[in-house]
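Below are the chains, spelled out letter by letter.
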Amino acid sequence: MSKKYVYLFSEGDASMRDLLGGKGANLAEMTKLGLPVPQGFTVTTEACTRYYQDGKTIAPEIVEQIYEYMAKLEEITGKKFGDPTNPLLVSVRSGARVSMPGMMDTILNLGLNDETVEGLAKATNNERFAYDSYRRFIQMFSDVVMGIDKNKFEAILDEVKEENGAKFDTDLTAENLKEVVKRFKELYKKEMGVDFPQDPKEQLLEAVKAVFRSWDNPRAIVYRRLNDIPSDWGTAVNVQSMVFGNMGNDSGTGVAFTRNPATGEKALFGEFLMNAQGEDVVAGIRTPQPISSLKETMPEVYNQFVEIAEKLEKHYKDMQDIEFTIERGKLYMLQTRNGKRTAQAALKVAVDLVAEGLIDEKTAVLRVDPKQLDQLLHPTFEPNALKAAKPVAKGLPASPGAASGKVYFTADEAIEAAKSRGEKVILVRTETSPDDIEGMSVAQGILTTRGGMTSHAAVVARGMGTACVVGCGDAKIDEQAKVMRIGDIEVHEGDYISIDGSTGNVYIGEIKTVTPELTGDFATLMSWADKYRKLKVKTNADIPRDAKVAVQFGAEGIGLCRTEHMFFDEDRIPAMREMIVSKTEEQRRKALEKLLPMQRSDFEGLFEVMGEFPVTIRLLDPPLHEFLPHTDEEIKELAENMGITFEELKATVESLKEFNPMLGHRGCRLAITYPEIAEMQTRAIIEAAINVKKRTGHDVKPQIMIPLVGELKELKYLKDIIVKVADEVIKQNNVEIKYLVGTMIEVPRAALTADQIAKEAEFFSFGTNDLTQMTFGFSRDDAGKFLETYYEKKIYEFDPFAKLDQEGVGKLVEMGTKLGRQTRPDLEVGICGEHGGDPSSIEFCHKVGLDYVSASPYRVPIARLAAAQAAIKYDNK
């Protein structure tokens, strides 16, 4: 027997979501519940996968099954597909197993042609309705299936309305609509070179193919990548017998939610239009009525709808988004699904449903998408102001939040504008570097024309909780002229722009923002999350301000403090540069002595904020050339300030340049060459810990982390130095401080030899940014140039710097953890790369038995919720 690719609605149920898609499974479930659903059938997701396997063609046996099920639908409805006297008309809709915006739009009234339109007119005794349905079908089929711009059809419709003095579509007569149909068909022939298809079977197969094609359109591919949806899931196709909301004033169509999708309030929320078809409600051509006024228009239908809505919410135990049609006074349910909602509504609905006894705490925790919490932690654009705005460019949504401000093209100008003049600033750069940190910290938002989701700008902005859009290739910056060009638009220094770090959109002008409020529901849900999660959640923080934010968001320590960020401040960089250009150890030590009190004070600030939580401090990591100027002008100025010749400084700068700095003289290699750097940093850490313990009485827990280790002897050499200095300082001060010395695992060799590394390392922290670079063999700053091509060609489905590559990099993490614990069973293991804030990567960390993840401060709540979801999903299996 050949495989079954088509199911009647009466043959399925909600459990068959993977096969029938979300829409198909819900239509089957509603049929099973005995609700008034227009009958139909679903072509499965497996048929879609087969379509792609067979070179984008529908296999003959699938075509045969579609026709066979169309015959069954004819029996159920008592109408015939393509029959001129009593025609069966259908709608065709896509339906993947998860709701995906940007998939194929609906096609209504399929099966109409020049003959069946007459049959429909006679059967319903309503010629106007028949031709209204036909013109809609021609437009939808042409737009959705054949790709003809729908605006060309709208223009024809407007012409006919104008010629006949009609204000609304509903004012057009049957004769007017016949003229519209005639002109629509002429346009189709002009665009396609053939007549509009008259064979309903051909119409149906073309529509099914169009649904399958839409699974792979660019919008769908991007959406899948951002939401971790595999490309091999495919989409199902739902073919449903038509019911008509455009039959007159006793007919209508609408959409309603069982609760308010913006606030979560328990009350029916939605709208409807009389004498209309589904797309009229969404298209906004006529103003719909609120659902409550259906009570006056058709009280019986309204009461029946309220009853069904309540039944569906109780059945699915979640807020429902319901599409319905009224045909000649009779109510039909076209679709139900779990409604999309804002983060605020998601929290309220989850907490309320627990209070109402419909779901338990664990289910409530699973109901809220961790990524959605971003909406609650950052400003967003005021919805009406955003509706009125039109984006002029789009980049990658690197750090969520909405920001408006005046454009400045350098960090110095941004600082001047923000600090001296109190202006709201958007820092616009080709790409950012560590030198820009201060300018970034005063900006409302950051926009770069280059870079990916893990570029410097993206990582730093996420840490600061600042809105950021990167890789906006549409924008071209001329820094000399202080202008940014987007097509024909010129934006000068001081002009207002607005950016949305959640969507990547860029707007001209100022758009009003609103600051979200954290409600009691947030605290309730997060307390449930903390109850069930196993992973600890720490934060990546370099300054007390960030650490404070992280603690407020529930961080249980610092998993990564990057000490290099502290050296870029104006009052410190001279001493740092002095150290770099020193020729002898004595000169270096002298410069490091100037840095010691600064570092000590930095660490004291962090220890004070974190109390008795552990604080992991990474020793100096980046190549030294990053701290030096690069243009002759800057070198000249610095040489004068330092009292050395231009030639001498220029030679030092040149000598420090490397062909591949990411694989060069950095990390532990720096401290092995210049052990005095590690000595100074260790002294600063331990002295700070002692001072804070004396002041506060807290049992401070410093953890010293050595970066970029690939060989046990590297680690042992540096650990011996650290322990010697730390123990000396502790002995001198006669204060007990328990400290740990561990390493970042970011060189693949360290993961492969983790059993040896663990002989010396007291903890492991996987630095998955560098580990990903070195495992894949490409730089995260350059990968953006070719990753798009990789997505298009289906070589990669996602950015390995944004979501952990579980098959390759993940294998190293798992192997490193197992090997390390074989040597040292109590070894604490975590990750501190960007992946520490990504829900699917956190799930992986839970599965392989890590102790903690460390995320940027504003991602701490996301990590707490994702860790709880992982525990709930996997610990019961």
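Attention in this report is confined to the structure presented alongside it. Keep in mind it's a predicted model, so treat the numbers as computed, not measured.

Reading guide: rules and limits
Residues numbered from 1 in each chain as written. Predicted model: local features only at pLDDT ≥ 70, side-chain atom pairs only at ≥ 80, totals over all residues. Heavy atoms only, no water. Pairing = 2+ DSSP bridges. Helix = DSSP H or I, 4+ residues; strand = E, 2+ residues; numbered from the N terminus. Axes fitted to C-alpha atoms, helices over the stretch in contact; angles between N-to-C directions. Expected span 1.5 Å × (residues − 1). Buried < 20%, exposed > 50% of the residue type's maximum accessible area, 1.4 Å probe, protein only. Arc of directions from axis to C-beta. Contact = heavy atoms within 4.5 Å. Polar contact = N/O pair within 3.5 Å; in protein donor to acceptor, adjacent residues only side chain to side chain. Left-handed = near helix turned anticlockwise from the far one by under 90°. Nonpolar A, V, L, I, M, F, W, Y, C, P; charged D, E, K, R; others polar. 1 Å grid on protein atoms, 1.4 Å probe; cavity = no way out; pocket = protein on both sides within 12 Å on 5 of 7 lines; lining within 4 Å. Points joined across faces, edges and corners; volume = space filled by probe spheres on them.

Our next topic: the sheet that holds strand β5 (residues 235-241). Strand order in the open sheet made by the 5 strands is β1-β2-β5-β3-β4, with antiparallel pairing throughout. If you trace the sheet from one side to the other, it starts and ends with β1 (6-8) and β4 (107-110), each paired once. Averaged over neighbouring strand pairs, the angle between their axes works out to 25° when direction is ignored. Both β1 and strand β2 (residues 40-43) contribute to a ladder of 3 bridges, which runs antiparallel. Among the inter-strand pairings, Leu8 is bridged to a residue of β2, identified as Phe41.

Glancing now at the sheet that holds strand β27 (residues 701-706). Strand order in this closed barrel of 8 strands is β24-β25-β26-β27-β28-β29-β30-β31, and the pairing throughout is parallel. Going across the sheet, the axis of each strand differs from the next one's by a mean of 25°, ignoring polarity. With 5 bridges joining them, strand β26 (residues 614-618) and β27 adopt parallel strand pairing. Bridging from a neighbouring strand, Val615 pairs with Pro702 of β27.

For helix α6 (residues 150-163), with 14 residues, the first-to-last C-alpha span of 20 Å sits near the 20 Å given by 1.5 Å per residue. Taken together, the buried positions of α6 are occupied by Phe153, Ile156, Leu157, Val160 and Lys161. Looking down the long axis of α6, one finds its buried residues gathered within 140° of arc, a one-sided arrangement. Along α6, exposed side chains directed more than 90 degrees from the buried face belong to Asn151, Glu162 and Glu163. Taken together, the buried residues of α6 touch α5 (127-145) and α7 (174-192). Capping the start of α6 is the job of one residue whose side-chain oxygen sits 3.0 Å from the backbone nitrogen of Asn151: Asp149. Remark: Gly165 follows α6 within two positions and exhibits a positive phi of approximately 60°.

Their axes nearest at 8 Å, the elements helix α23 (residues 585-610) and helix α27 (residues 675-696) cross at an angle of 35°. Crossing angle aside, the handedness with which α23 passes α27 is right-handed. Taken together, the residues of the contact of α23 with α27 sort by class into 12 nonpolar, 3 polar and 11 charged.

Below, the discussion takes up the pairing of strand β10 (residues 330-338). Each regular strand displays side chains that alternate between the two surfaces of the sheet. Sheet topology note: the strand β9 (residues 320-327)/β10 ladder contains 8 bridges and is antiparallel. Across the sheet, Glu327 pairs through a bridge with Lys330, a residue of β10. Hairpin connection of β9 to β10: 2 residues between the antiparallel strands, including Arg328 at a positive phi of 45°.

It is worth spelling out empty space enclosed by the protein at this point. Applying the stated criterion to the full structure yields 5 cavities of 30 Å³ or more. By volume, the largest cavity is sized at about 90 Å³. What lines the largest cavity is Ile221, Arg224, Arg225, Ile229, Ser231, Tyr791, Lys794, Tyr796 and Glu797. Of all the elements, helix α9 (residues 218-226) adds the most residues to the lining of the largest cavity, at 3 residues. Considered class by class, the residues forming the lining of the largest cavity number 4 nonpolar, 1 polar and 4 charged.

Turning next to the environment of Met598. Take Met598: it is sitting in helix α23. Along the chain, Met598 and Leu273 lie 325 residues apart, while their C-alpha atoms are 68 Å from each other. If sequence neighbours within four positions are ignored, Met598 has contacts with Asp571 and Arg572.

Turning next to helix α8 (residues 200-214). Taking 1.5 Å per residue as the helical rise, α8 with its 15 residues ought to reach 21 Å, and the 21 Å between its terminal C-alpha atoms agrees with that figure. Burial in α8 covers these residues: Pro200, Gln203, Leu204, Leu205, Ala207, Val208, Ala210, Val211, Phe212 and Ser214. Measuring from the backbone nitrogen of Lys201 back to the side-chain oxygen at the start of α8 gives 2.9 Å, which picks out Asp199 as the cap.

Purely geometric numbers; function is a separate question.
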